[in-house]
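Single-letter residue listing:
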Amino acid sequence: MPDSPSIAIRVAIQRPIHKLLDYSCDPKSPPTPGCRVKVSLGNYPITGIVVETDVESEFSELKPILEILDQTPLLDNEMLKLLDWASRYYFYPKGEVLFHALPKNLRKGNKPPQLTLWSINQNAEIEAKTTDKRHPPTFAAFLDQLKRSPKQSELFQYLWENGETDGIQLQNQFGDHWRSYINQLMKKECVVSREIDADYFPRKKVFKHASSSKATLILTDEQQQCIKQIKKHFAEDELKPILLHGITGSGKTEVYLNAVKSLLADGKQILVLVPEIGLTPQLLSRFQQFYPQYSIVSLHSALSDGDRTRAWLGAKSGAIQIIIGTRSAVFTPMKNLGAIIIDEEHDASFKQQEGFLYQGRDMAIKRAFDAQIPILLGSATPSLETFHNAEQQKYHYLRLDNRPGSSNPPDLVLQDIRSLPLEAGISNLMLTEIRQHLNNHNQVMLFLNRRGFSPVLMCPNCNWHATCNNCDLGMTYHASAGKVICHHCALENPISSQCPECNSTKLTTLGQGTERIEAVLKSHFPDVPIIRIDRDSTSKKGSLEKKLHTISEGNPVILVGTQMLTKGHDFPKLTLVGILDVDQALFSVDYRSQERLVQQVIQVAGRAGRGTDKGRVILQTTQPQHPLLMNLLSQGYSETAKQLLNERTLWNYPPIGSQALIRVNAIDEQNAFSFLRSLSEKLKELQNESVELLGPMPSPIARRANRYRFQVLLSAKNRRDLHVFLTNGFPILVKARKLGGVRWNLDIDPTDFI
Ligand code: ADP
Ligand code: ZN
Ligand code: ZN
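Residues numbered from 1 in each chain as written. Chains lettered and ligands numbered in written order. Predicted model: local features only at pLDDT ≥ 70, side-chain atom pairs only at ≥ 80, totals over all residues. Heavy atoms only, no water.

J.: Hey, could you run me through the confidence of the model for the protein chain in this one?
T.: Where the model shows low pLDDT, its predicted coordinates should not be examined in detail. Mean pLDDT over the protein chain: 89, with 94% of residues reaching 70 or higher. Looking across the protein chain, the model is least confident in helix α4 (residues 137-145), with a mean pLDDT of 75, and most confident in strand β9 (residues 242-246), with 98. A low-confidence stretch, residues 204-212 (pLDDT under 50), is modelled with 26 contacts involving residues beyond four sequence positions or located in other chains. (pLDDT = per-residue confidence, 0-100. Helix = DSSP H or I, 4+ residues; strand = E, 2+ residues; numbered from the N terminus. Contact = heavy atoms within 4.5 Å.)

Below is the structure:
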C-alpha cells in the first residue's frame, strides 16, 4: 500500500443532522477525540468536535480540517461514551448532544478562558505610618491604608495569608461582592493580578476564614445508621444506586454530607444534582459550612457564561471538589469523580422539556454505572420509577422516618368544602384556622398551583371569554399587570372595561389564582404581611431572596404560592399549610397527574411544623371519599406509591412498560396531520407486535402559539422492545417528506403530554 499523505477523522457538528462528517488531517499531528476543530461546511468555517481518528472513510476526497482548537480534549473518553449513549438512546443528533455538554463559550470555538489570579502587590510603595512587629512593615502599612474599608482589608489579609487566589475561591470566601472589593484593591495598587490557563490551577485546600459555627450537628441514631449503610454500599464490588427515602425534614442533607467525607478525603470529587439551584441556596451554604476546606461551586443557568466556563474547567481539571448543579451539570467533566448525589430525585425539572429531551436523573445513573462510582438518590417522595427499582431490588433502599429533635411530621387532614362557604376558594373554616395560627405567633402558607388573579375573564351578558388568538385557550387575568396573559404562549392583551362583543361593562372573573388569594387574605388580615411567591412575583433578581429573608425573621406572615414553595425550604415558624386545589388533578386524563399530586401534597405538607410547634396540613376538597386521598392520609406515601404502581402494571404504563411520543406541529393543520398520519402508517408497516401505536391524535393542547399539534404515542412492554422498534423506525421519521413548515420531535420516556 502506498503511504497515505493524510488520515481521515470523524467530526460532529452542531447541526440537526443525524450523521458525522469526515475530514482529512495531517497524520503527524492528528487531534485527539474530544478536541474541537475548525472545519469547513459548504464554504463556511464551523466548529466541530472530533469523535474518532484514523477512520476508514467511504469517501475518497476529503476536505482538510482548518485548525485544531484544543491540544487537550474538552470531553474525555468517559464523557464521549456517555454522550454517544445519550444520542442513541434519545435519538438526538450526536453533534447537538456533544455541543450541549459544553458551556456556551466553548461551543463557539473560543479559546478556553484564562483564569485570573490575585495576589498582594509586593512592589507597592506605600508609606508606612505604623509598624507591626508580627508582620513585615508593609503589611501594617497596607492595613493602615485600608482601615476605612473593613471588607477590603479582610480580603487583603486573606490574600496575605493564602497567597495567589482565584475568583472562585474569593467568591466562596467573600460572597458575590468580592469583585468590587478586589477592583478597589487593584485601584489602590495593593493587589496585582495575572492570567493563567484556567485548566491547570492547583487549588489550595485551606480556607481559614470560613465559619464553622454550624459545621457539625450531632447526628441522630437513624442518620448514623443510614450513613453507615451508605458507606458500606459505596464500598461494595457490585454497585447499585441507593435510594434514600427520608421524610421531609428528616435531615437528608446531613446524610449526604457525611456519606461522602472519606471520598473527598481521598481526593475524589462529588457531583450533587438539585432541581433548581435558585431555590436551594441553603444546600450550597450547608455544603460550604461543612466543607470549608474544599472548593465548592454551584453550576446553574443564572451564572455568567464566563463563570460557568471557569467552573466547568475547574471541575474538569480537578480544581473544584464539589459541584452542585441543576440538570445540565450532569455533563460536567470531572477529573476524579467519586460519587453522584441527586437531591429531590422525583422532581419533574430533571427532565428537559425542549430541544434535547433527556432525563437528567437517568443520565446520572448511567454515568455512575459506566464510571463504576456510587450514586445516591434522595427524596421524601421517590418517583415511581425509582421506587419500582427499589422494590425490584435493583436499588438499595434506605429510610429516614423521623425528624431530628422535637419536630414531628405534621397532621394531614381533609376538609370537605362541599357545604362550606367559600371566598375565592378559601373556606371559612380555613380562615378561622389561619387566624388561630397567626395568633399563636406562627406562620401560615396557602398553596395553589395557578398564578395570576383568575383563569377566566368573561362577560356574563353574552358569554364572551378572553381567549388566546394563538392557542384557542383561555387567558389568565393578571390584576397587577392589568392584562390577560396566555400561560401557553405568553401572549399578553390589555384589558378593557368593556366586553368586546356586546359592550357590556360588567366583565367578571371565574376561579382564582395566587393574586386573588393574596387580595382576599389582605382584606381579612390587614395587619399581617402577605408574601406571594410565584413566577410573577419573583422574576426580579433578588426578590425571592428578599421574601425568603422576611419569612426567616420568624414573625407571623401568610405565604401564598405555587409549586415554587414546595422545594426544599425550611421555614421553622410555619405551622399551618392549606392546599386549595387538589381536586383538579384527581380527574386529569394524564396518568402521571396522580403521582404528581401525592408528591406535591407530601412536599408542601413537609414545609409545616419544622420547628418546635406541631404542623397541621389541611387539604380542601370536594372529593373527601376519593380513594387516592383516603389512601394517602391513612397509609402514607409508600403505600400510595405501591398502589399507583399496581395500576401502572395493570395498564402496562411506565415504569413497567416503556413509552415514546412523536409530536408534530405546523401552522397548517392539514400539513401537520397528514405528515403524522403517513408516518404512522409507515411505522405500522414495520409490524412489530411488541410495540403499540396510538394516534395520530390532537395533542391535549391542540393549538399553541399559532401551531396545530398532533401526536402518536408508542407503547411497549419494555425498554428494549421499544428501542429496537425505534432503531428501525427512526430512519423513516428522519426521511419522511416534510410538508410545508412541519416540525417534529421524538420524546423518549415522555413525562409531559400536553
Ligand atoms: P430534608 O432534606 O430531609 O427535608 P434537611 O436536610 O433540610 O431535611 O434538614 C431539616 C432540618 O433539620 C435542617 O434545619 C437541619 O439543619 C436539621 N437537622 C438535620 N439533622 C439534624 C440533627 N442531627 N440534629 C439537629 N438538627 C438537624
Ligand atoms: Zn359580552
Ligand atoms: Zn397563547
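J.: Got a minute to help me understand the site of ligand 1 in this structure?
T.: Surveying the vicinity of ligand 1 reveals 17 residues, the closest of which are Ile218, Gln223, Gly249, Thr253 and Asp570. Measuring from a nitrogen atom of ligand 1, one finds a side-chain N or O atom of Gln223 at 2.8 Å. At a separation of 3.3 Å, an oxygen atom of ligand 1 approaches a polar backbone atom of Ser250. When the free accessible area of ligand 1 is taken as 570 Å², the share hidden by the protein chains comes to 76%. For the shell around ligand 1, the element with the highest residue contribution is helix α9 (residues 252-259), accounting for 3 residues. Residues belonging to the shell around ligand 1 are distributed by class as follows: 5 nonpolar, 7 polar and 5 charged. (Near = heavy atom within 4 Å. Polar contact = N/O pair within 3.5 Å; in protein donor to acceptor, adjacent residues only side chain to side chain. Areas by Shrake-Rupley, 256 points an atom, 1.4 Å probe, with all protein chains shown as cover. Nonpolar A, V, L, I, M, F, W, Y, C, P; charged D, E, K, R; others polar.)

J.: Just checking my understanding: could you explain the nonpolar core for this structure?
T.: One recurring pattern in soluble globular proteins is that nonpolar side chains are buried together. Membership of the largest hydrophobic core comes to 75 residues, with the highest contact counts inside it found for Leu75, Ile340, Met363, Ile662, Leu714, Leu726 and Leu746. Ranked by residues supplied to this core, first place goes to helix α1 (residues 77-89) with 7 residues. Among all residues touching Met363, those that are not within four sequence positions of it are Leu82, Trp85, Ala86, Tyr90, Val330, Phe331 and Tyr358. In this structure, Phe447, Leu574, Leu629 and Ala641 belong to the second largest nonpolar core, which totals 36 residues. (Core = buried A, V, L, I, M, F, W, Y, C linked by side-chain atoms within 4.5 Å. Buried < 20%, exposed > 50% of the residue type's maximum accessible area, 1.4 Å probe, protein only.)

J.: Help me out: how do you make sense of the coordination of the zinc ion (ligand 2) in this one?
T.: Expected angles at a metal are 109.5 degrees for tetrahedral coordination by four donors and either 90 or 180 degrees for octahedral coordination by six donors. For the zinc ion (ligand 2), every protein donor is listed as Cys459 (SG), Cys462 (SG), Cys499 (SG) and Cys502 (SG), and the spread of their distances is 2.2 to 2.4 Å. Every donor counted, the 4 donor atoms about the zinc ion (ligand 2) form angles of 105 to 114° at the centre, which fits tetrahedral coordination. One chain supplies every donor for the zinc ion (ligand 2), spaced along it as C-x2-C-x36-C-x2-C. You can see Cys462 sitting in the loop between β20 (456-458) and β21 (476-478) and its partner Cys499 sitting in the loop between β23 (492-494) and β24 (508-510), a full 37 residues away along the chain. (Donors = N, O, S within 2.8 Å, 3.2 Å for Na, K, Ca; no water. Tetrahedral: all angles 85-135°; square planar, octahedral: opposite > 155°, others 65-115°.)

J.: I tried to follow the domain arrangement of the protein chain on my own but got confused; where do I start?
T.: Interfaces are frequently sized by the accessible area removed from exposure as the parts join. Assigned domains within the protein chain: domain 1 (7-107), domain 2 (114-197), domain 3 (221-400), domain 4 (411-454 + 511-648) and domain 5 (658-748). Just the C-alpha atoms count here: the centres of domain 1 and domain 5 sit 30 Å apart. The partner domain 5 presents 8 residues to the 5 residues of domain 1 that form the contact. Together, His18, Tyr89 and Phe91 form the three largest contributors to the area buried by domain 1 at its contact with domain 5, with a combined 83%. On inspection of domain 1 and its partner domain 5, the count reaches 0 salt bridges. In the side of domain 1 that touches domain 5, the residues fall into 3 nonpolar, 1 polar and 1 charged. (Domains from an automatic or database assignment. Buried area = accessible area lost by both parts, 1.4 Å probe. Salt bridge = Lys/Arg side-chain N within 4 Å of Asp/Glu carboxyl O.)

J.: Mind showing me how you'd approach the coordination of the zinc ion (ligand 3) here?
T.: Distances from the zinc ion (ligand 3) to its protein donors, namely Cys468 (SG), Cys471 (SG), Cys486 (SG) and Cys489 (SG), fall within the range 2.2 to 2.3 Å. Here the zinc ion (ligand 3) is ringed by 4 donor atoms whose angles at the metal span 103 to 113°, and the overall shape comes out tetrahedral. Written as a sequence motif, the donor arrangement for the zinc ion (ligand 3) is C-x2-C-x14-C-x2-C. On the criterion of sequence distance, the pair formed by Cys471 in the loop between β20 and β21 and Cys489 in the loop between β22 (483-485) and β23 is long-range, its members being 18 residues apart.

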